[in-house]
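# Structural description and commentary
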Amino acid sequence: RTAGGGAAAAAAAANAVQVTLGVKCAVGPGQSIAVTGAPAALGSWDLQSAVLLDRVGADRWQCLLHIPPGPFEYRYAMMTQLAGGDMELETEFGPPRSRMVVSDATPPLLLIDTNAPLFSTTPPSTGSAAAVEQQQQQQQQEQ
């Protein structure tokens, strides 16, 4: 890595915007939601560095991040506590989500995803084949 790369990273961190990222997602027992993505604040796509979201209501999750201005991509991940104590991580189906952070936003910038992420382990109450198909059709129509 060059010295210029470190300076660029420091400048990006100094200009970062405070962002609250939220989503509604049903989970089963022993499950929680995390987010990973391109910005360093989201782990640079490393699932082991994904940011755990806080549960703030019935199936509502959010986290506070510091993201440099500009476009960024991310995905939600389902974290499942396994019987042996290990943690299983699974990212959502579909292409990455994308957002734009502007430098003149009044912090914290609130970004709420209205489409719940789809996982193979989606709980039965919201993950029936018909419900999954309906969510996928809705997401395609919105794109």
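Residues numbered from 1 in each chain as written. Predicted model: local features only at pLDDT ≥ 70, side-chain atom pairs only at ≥ 80, totals over all residues. Heavy atoms only, no water.

Taken in spatial order, the four strands make up an open sheet running β4-β5-β1-β9, and their pairing is mixed. In this open sheet, the two edge strands, each paired with only one partner strand, are β4 (54-57) and β9 (109-113). Along the sheet, successive strands turn relative to each other by an average axial angle of 30°, direction set aside. Both strand β1 (residues 17-24) and strand β5 (residues 60-67) contribute to a ladder of eight bridges, which runs antiparallel. Considered in β5, the bridge of V19 is made with L65. (Pairing = 2+ DSSP bridges. Helix = DSSP H or I, 4+ residues; strand = E, 2+ residues; numbered from the N terminus. Axes fitted to C-alpha atoms, helices over the stretch in contact; angles between N-to-C directions.)

The topology assignment puts R99 in strand β8 (residues 97-101). For R99, a relative accessible area of 25% gives the class partly exposed. Sequence separation between R99 and P71 is 28 residues; the distance between their C-alpha atoms is 5.7 Å. Each residue touching R99, except ones within four places of it in the same chain, is listed here: G70, P71, F72, Y74, L111, I112 and D113. A distance of 3.4 Å separates the side chain of R99 from the side chain of Y74, its partner in a polar contact. At 3.0 Å, the side chain of R99 forms a polar contact with the backbone oxygen of I112. (Buried < 20%, exposed > 50% of the residue type's maximum accessible area, 1.4 Å probe, protein only. Contact = heavy atoms within 4.5 Å. Polar contact = N/O pair within 3.5 Å; in protein donor to acceptor, adjacent residues only side chain to side chain.)

This paragraph deals with the packing of aromatic side chains. Two aromatic rings, taken as a pair, are described by how far apart their centres are and by the angle between their planes. If you walk through the whole model with that rule in mind, you get two aromatic pairs. For the ring pair Y74 and Y76, a centre distance of 5.8 Å and an interplane angle of 90° mean the geometry is edge-to-face. When sorted by exposure, Y74 lands in the same class as Y76, which is buried. One aromatic cluster is present, formed by F72, Y74 and Y76 through successive ring pairs. (Phe/Tyr/Trp six-rings, centres within 6.5 Å; stacked < 30°, edge-to-face > 60°.)

This part takes up the confidence of the model for the chain. The predicted structure's coordinates, where accompanied by low pLDDT, should not be read in detail. For the chain, the mean per-residue pLDDT works out to 82, and 75% of the residues sit at or above 70. Here residues 124-132 scores under 50 on pLDDT; set against residues more than four positions off or in separate chains, the count is five contacts. (pLDDT = per-residue confidence, 0-100.)

With that out of the way, let us pick up the side chain of R75. Following the sequence through the fold, R75 ends up in strand β6 (residues 70-81). E92 provides the closest opposite charge to the buried, salt-bridge-free R75, at an N-O distance of 5.7 Å. In this structure the side chain of R75 is engaged in a polar contact, spanning 3.1 Å, whose partner is the backbone oxygen of E92. At a separation of 2.4 Å, a polar atom in the side chain of R75 contacts the main-chain carbonyl oxygen of G94. Among residues more than four places away in sequence, those in contact with R75 are A34, V35, T36, W45, T91, E92, F93, G94, P95 and P96. (Lys, Arg positive; Asp, Glu negative; His and termini not counted. Salt bridge = Lys/Arg side-chain N within 4 Å of Asp/Glu carboxyl O.)

A few words on the environment of A83. Residue position: A83 is located in the loop between β6 and β7 (87-91). Spatially, the C-alpha atoms of A83 and G30 are 9.6 Å apart, while their sequence positions differ by 53 residues.

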